[in-house]
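Breakdown of the fold
Single-letter residue listing:
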Amino acid sequence: MSDDNSMPQDVEPPYKSGGGLLMLLGILAGATALYALCFGTTRGIAPDEGYKTPLAGPAVFIPLGVCLAIAGALAVWPRTSGLGAGLLIGLGIFILLGGGICVLALSQMRSQI
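Structure report, in brief. (Residues numbered from 1 in each chain as written. Predicted model: local features only at pLDDT ≥ 70, side-chain atom pairs only at ≥ 80, totals over all residues. Heavy atoms only, no water.)

We now examine the overall build of the protein. Looking only at helices and strands, the protein features three helices and zero strands. For the protein, the succession of helices and strands along the chain, N to C, is α-α-α. Expressed as a percentage of its 113 residues, the buried residues of the protein come to 19%. In the protein, the share of contacts with a sequence separation of at least 24, taken over all contacts with a separation of at least 6, comes to 55%. (Helix = DSSP H or I, 4+ residues; strand = E, 2+ residues; numbered from the N terminus. Buried < 20%, exposed > 50% of the residue type's maximum accessible area, 1.4 Å probe, protein only. Contact = heavy atoms within 4.5 Å.)

The structure is reproduced here in structure tokens:
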């Protein structure tokens, strides 16, 4: 009797490495670029520096929105998914470290009372 009803064995695709380097590059580039953009675009618009503009608050969110849009678009395509994921992780690092820096700056301020 022949064994024609045998199930085909599952074949695992070969492991493809190299995505970690793109992710690391995305993390470093994303966090560094966001800090540069946020500090560069918001310099001089603080109310205590004499220059008042209605864009003082929203100016911080423009680089965040641009980074989120670019990272989302890159994360969708398989070839650039590592870079997009790295940019999203860099965005998270930016928010966490930025919050810590903000709390540190606020805790160093003297009370005006």
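Between two packed helices, what matters for the description is the angle formed by their axes and the separation of those axes. In contact at an axis separation of 7 Å, helix 2 (residues 61–76) and helix 3 (residues 81–108) are set at 150 degrees when each is read in the N-to-C sense. Of the possible angle classes, the one that applies to helix 2 and helix 3 is roughly antiparallel. Once helix 2 is placed against helix 3, the crossing between them reads as left-handed. For the pair helix 2 and helix 3, contact is made by L64, C67, L68, I70, A71, L74 and A75 and by S81, L83, G84, A85, L87, L88, L91 and F94, respectively. (Axes fitted to C-alpha atoms, helices over the stretch in contact; angles between N-to-C directions. Parallel < 35°, antiparallel > 145°, perpendicular 65-115°, else oblique. Left-handed = near helix turned anticlockwise from the far one by under 90°.)

Counted at 1.5 Å a residue, the expected span for helix 2 with its 16 residues is 22 Å, and the 23 Å between its end C-alpha atoms agrees. Every buried residue belonging to helix 2 is among P63, L64, C67, A71 and L74, and all of these are buried. For helix 2, the buried positions fall inside an angular range of 105 degrees around the axis, keeping them on one side. Turned more than 90 degrees away from the buried face of helix 2 sit F61, I62 and V76, all of them exposed. (Expected span 1.5 Å × (residues − 1). Arc of directions from axis to C-beta.)

Taking 1.5 Å as the rise per residue, helix 3 with 28 residues should run 40 Å; its terminal C-alpha atoms sit 40 Å apart, in good agreement. Residues of helix 3 that are buried include every one of G82, G84, G86, L87, G90, L91 and F94, and no others.

A few words on the environment of L68. Looking at the secondary structure, you find L68 in helix 2. Exposure remark for L68: the relative accessible area of 47% places this residue in the partly exposed category. With 16 residues separating them along the chain, L68 and G84 place their C-alpha atoms 9.3 Å apart. Discounting chain neighbours no more than four positions away, the residues touching L68 are L88 and L91.

This part takes up the packing of aromatic side chains. With the rule as written, the count across this model stands at one aromatic pair. Summarising the aromatic geometry, the rings of Y35 and F94 are spaced 4.7 Å apart at their centres and angled 65 degrees between planes, so their arrangement reads as edge-to-face. With Y35 in helix 1 (residues 19–41) and F94 in helix 3, the pair connects residues that are 59 residues apart, well separated along the chain. Just as Y35 is buried, F94 falls in that class too. (Phe/Tyr/Trp six-rings, centres within 6.5 Å; stacked < 30°, edge-to-face > 60°.)

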